[in-house]
Amino acid sequence: MRKISAALTLSIATLATGFLVGACGDSSTPTANNASTATPAANSTTTASTKGLKIGSLLPTTGDLASVGQQMLGSVPLLVDTVNACSGVNGEPVTLVQVDDQTDPKAGAAGMTKLATLDKVAGVVGSFASSVSSAAVSIATPNKVMLVSPGSTSPVFTEKAKKNDFKGFWARTAPPDTYQALALAQLANQKGFKRISTVVINNDYGVGFEKAFVQTFEKLGGTIVNKNKPVRYDPKAQTFDTEAAAAFAGKPDAVLAVLYAETGSLFLKAAYQQGVAKGVQILLTDGVKSPTFPEQVGKDSNGKYILTGAIGTVPGSDGKALEGFNKLWKEKKGGSPGEYAPQAWDAAALLTLAAQAAKENTGVGIASKIREVANAPGTEVTDVCEGLKLLKEGQDINYQGASGNVDVDANGDVVGVYDVWTVGDDGKIKVIDKVTPK
C-alpha cells in the first residue's frame, strides 16, 4: 500500500480552497444514575445534581450506527466526572442527561425535545448521524440550546450556518465531509482509478459526501460512471440486490460506498453474493469504521474476509490533549478509546469551558463564548481543569483538544486530520497513513 505523499496534502489544500468557495466515572466524584424512559423514542440516563450547569448527550447506542456510536459514549460522562472533580463550572457540579437517539431522526427529535424542554439543558453533545443532528438542531436553535456534534460531517451544516439558520447554536468537533471527500478523491486518483461509481445512504451524510466527492473527482479528471443515475439507498432498507447490481454496473475501477454499518454490511454482502464486486476496489468512509464491520460483512466461500483490501478514510485525532486523554481513559476505563471518542470529549469540554467563560449556565452564554475559548488569542491549555481555573481568574484561553486544535470557525466548523485505513487478511482494520487537508 502506497503512502500518501506530501504532494497529496498540498493538492488537497489547493482543492479545498477552491471547493469551499463554490462531513467512568472518576471514583472521587459521587454520581447517581437513574434510568428512565422519557418517550418511546428516547431512553435517558441522568447524572444527578440539583443546580449548576446541565448538559445532555444525544448519541446512538442502538440503530444503524450503534457499532460506531458506542465507541464514543464513555467520553462525555468521563469529561463531566473530571470537571466535577476539580470544582465543576461556575462553582457547582455539572449534571449530565444521556439520551439514545437510536440513529433515527424521529427518535433524535424526541430526545432533543426532552433535553431542551423537560431537562432544560444548556448544551448537548450530539448527534452523530447528520440526519439526526439536522432534526435535533431545528429544536435546539429556537430553544437556545448549544448543540456540538462530535461526528455529524455533512456539508449541509456549513451551508445553513452561512445563512444564520442556527443563530450560533451549532458547532462540531469533526470536520465537514467536504475535506474528507477531497482526501478520498485525491487518494483514488493517486491510485490510478479513472472510473468510479458511487452508492450512498440516502440522507444528509451520504448525499452531501457524494456531491463533494463527485465534484472533486471530476476536477481531477476522473469519471463518475453512474453520475446520471446515482445509487442512494433507503436507510430503512433490509435488502440490497437491486442497489448492488446498479452500483457495480458499467465496470468501474472502484466503488465509493458511503454507508452506515448495519445496512452497509448487508449491501456489501449482496454485492459479493451477486459476484459483481469481484476485481473492483471498495472505497469506504467513517460511517463503517468499527472493529466489528469486516465481521458483519462476512467471509467468502474460502474463509477470506470479503472486505480484505478495502480502503477508506475517517476523521482522526492528533490534538495536543490526546496523550492525556488516552491515559485518563486507560486509567478509568481500561483499554483505548474508540472512533470519535476524542471528538466527543472535546465537544463536552467546549460546553463546560464556554459556560465558565460566560459566567452563566445557559445556552446563550455558551454560544456567545464557545469560539472564544476554542480559538486564539489566549493561553493554550490542554487540561480542562486548568482551563476552568484560568477562566475563573478572568484570563483568556485557547483550548487545544484531544481530536485537534478545535479552532471553531464562524460556521461552527473545524479542520481535522484524517486517518487512511484498510482491512487486512485477518479482518482487522489498520491505519496506514494520515492526511490533513488545509
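Everything here concerns the structure above.
Everything numeric here is computed off the predicted structure, so don't read it as measured data. (Residues numbered from 1 in each chain as written. Predicted model: local features only at pLDDT ≥ 70, side-chain atom pairs only at ≥ 80, totals over all residues. Heavy atoms only, no water.)

Participant: Residues and numbers for the overall build of the chain, please.
Facilitator: Helix and strand counts for the chain stand at 15 helices and 17 strands. The 438 residues of the chain split such that 58% are buried. Surface summary for the chain: the accessible area is close to 16700 Å², and the carbon and sulfur share equals 50%. (Helix = DSSP H or I, 4+ residues; strand = E, 2+ residues; numbered from the N terminus. Buried < 20%, exposed > 50% of the residue type's maximum accessible area, 1.4 Å probe, protein only. Areas by Shrake-Rupley, 256 points an atom, 1.4 Å probe, with all protein chains shown as cover.)

Participant: Help me get a handle on the state of the cysteines, residues and values and all.
Facilitator: Applying the stated rule across the entire model yields one disulfide. Each sulfur of the disulfide joining Cys86 and Cys385 lies 2.1 Å from the other. Residues Cys86 and Cys385 share a disulfide whose torsion about the S-S bond is about -85°; that sign makes it left-handed. Placement of Cys86 in the loop between helix H3 (75-85) and strand E4 (95-100) and of Cys385 in helix H15 (residues 384-392) is noted, with a sequence separation of 299 residues between them. (Disulfide = S-S within 2.5 Å.)

Participant: Pulling in residues and values, what's your account of the environment of Val156?
Facilitator: Along the chain, Val156 falls in helix H6 (residues 156-162). For Val156, a relative accessible area of 21% gives the class partly exposed. Sequence separation of Val156 and Ser134 is 22 residues, and the distance between their C-alpha atoms is 9.0 Å.

Participant: Got a sec to walk through the nonpolar core? Specific residues and values, please.
Facilitator: Side chains of a nonpolar character, in soluble globular proteins, are inclined to be buried together. Counting residues in each nonpolar core, the largest one holds 111 residues, and the members touching the most others are Phe213 and Leu284. Looking at this core, the element that brings in the most residues is helix H13 (residues 341-358), giving 12 residues. Contact partners of Leu284, with chain neighbours within four places excluded, come to Leu184, Ala257, Leu259, Leu268, Phe293, Leu307, Ala310, Ile311, Gly312, Thr313 and Trp421. Counting 20 residues, the second largest nonpolar core, distinct from the first, contains Val99, Leu115, Val145 and Phe157. (Core = buried A, V, L, I, M, F, W, Y, C linked by side-chain atoms within 4.5 Å. Contact = heavy atoms within 4.5 Å.)

Participant: Run through the pairing of strand E6 (residues 146-149), naming residues and quoting values.
Facilitator: Neither face of E6 is exposed, since Met146 and Val148 on one face and Leu147 and Ser149 on the opposite face are all buried. When strand E5 (residues 123-126) meets E6, the two strands line up parallel, connected through three bridges. Bridged to Val124 within E6 is Leu147. Chirality of the crossover, the property in question, places the unit of E5, helix H5 (residues 130-140) and E6 among those that are right-handed. The pairing of E6 with strand E7 (residues 170-172) spans three bridges and is classified as parallel. Bridge assignment links Ser149 to a residue of E7, and that residue is Arg172. (Pairing = 2+ DSSP bridges. Right-handed = clockwise from strand over helix to strand, strands pointing away.)

Participant: How would you sum up the pattern of salt bridges? Please name residues and give values.
Facilitator: This structure, assessed with the given rule, holds 12 salt bridges. Linking Lys236 and Asp104 is a salt bridge whose minimum nitrogen-to-oxygen distance equals 2.8 Å. In this pair, Lys236 is assigned in the loop between strand E10 (231-233) and helix H9 (241-247) and Asp104 in the loop between E4 and helix H4 (105-118), connecting sequence segments 132 residues apart. Among the salt bridges present, the one from Asp419 reaches Lys434, with a minimum N-O distance of 2.5 Å. Taken together, the residues span a long stretch of sequence, with Asp419 in strand E16 (residues 418-423) and Lys434 in strand E17 (residues 429-435) at a distance of 15 residues. The exposure class assigned to Lys434 is partly exposed, which follows from its relative accessible area of 40%. (Salt bridge = Lys/Arg side-chain N within 4 Å of Asp/Glu carboxyl O.)

Participant: So what's going on with the packing of H3 against H13? Which residues, and what values?
Facilitator: At a closest axis distance of 8 Å, the pairing of H3 and H13 adopts a crossing angle of 40°. Taken together, the axes of H3 and H13 are oblique relative to one another. Helix-helix and strand crossings are classified by hand; for H3 and H13 the assignment is right-handed. Counted together, Ser75, Val76, Leu78, Leu79, Thr82 and Val83 of H3 and Ala341, Ala344, Trp345, Ala348, Ala349 and Thr352 of H13 form the full contact between these two elements. (Axes fitted to C-alpha atoms, helices over the stretch in contact; angles between N-to-C directions. Parallel < 35°, antiparallel > 145°, perpendicular 65-115°, else oblique. Left-handed = near helix turned anticlockwise from the far one by under 90°.)

Participant: How would you sum up helix H12 (residues 322-333)? Please name residues and give values.
Facilitator: Given a rise of 1.5 Å per residue, 12 residues ought to cover 16 Å, and the 16 Å separating the end C-alpha atoms of H12 matches this to within 8%. By the burial criterion, the buried members of H12 are Leu322, Phe325, Leu328 and Trp329. Take H12 and look down its axis: the buried residues cluster within an arc of 125°, on one side only. Facing away from the buried side of H12 by more than 90 degrees, the exposed set consists of Glu323, Lys327, Lys330 and Glu331. (Expected span 1.5 Å × (residues − 1). Arc of directions from axis to C-beta.)

Participant: Give me the packing of H13 against helix H14 (residues 363-374): which residues, what numbers.
Facilitator: The geometry of H13 relative to H14 is characterised by a closest axis approach of 7 Å and an angle of 105° between their N-to-C directions. By the angle between their axes, H13 is roughly perpendicular relative to H14. Every residue of H14 that contacts H13 at Leu350, Leu351, Leu353, Ala354, Ala355, Ala357 and Ala358 is listed here: Gly365, Ile366, Ser368, Lys369, Ile370, Val373 and Ala374. Of the residues belonging to the contact of H13 with H14, the class tally is 11 nonpolar, two polar and one charged. (Nonpolar A, V, L, I, M, F, W, Y, C, P; charged D, E, K, R; others polar.)

Participant: Lay out the pairing of strand E11 (residues 254-258) in plain terms, naming residues and giving numbers.
Facilitator: Across the five residues of E11, five count as buried, placing the element largely inside the fold. Along E11, one buried face is formed by Ala254, Leu256 and Val258 and the opposite face, lined by Val255 and Ala257, is buried too. Inspection of the sheet shows strand E8 (residues 195-201) paired to E11 by five bridges, in the parallel sense. Among the inter-strand pairings, Thr198 is bridged to a residue of E11, identified as Leu256. Judged from the three bridges that link them, E11 and strand E12 (residues 281-284) form a sheet pairing that is parallel.

Participant: Describe H5, and please don't skip the residues or the numbers.
Facilitator: With 10 of 11 residues buried, H5 is to be regarded as a mostly interior element. Residues Ser130, Ser131, Val132, Ser133, Ser134, Ala135, Ala136, Val137, Ile139 and Ala140 constitute the buried set of H5.

In short, the description is geometric, and any link to function would need to be established separately.
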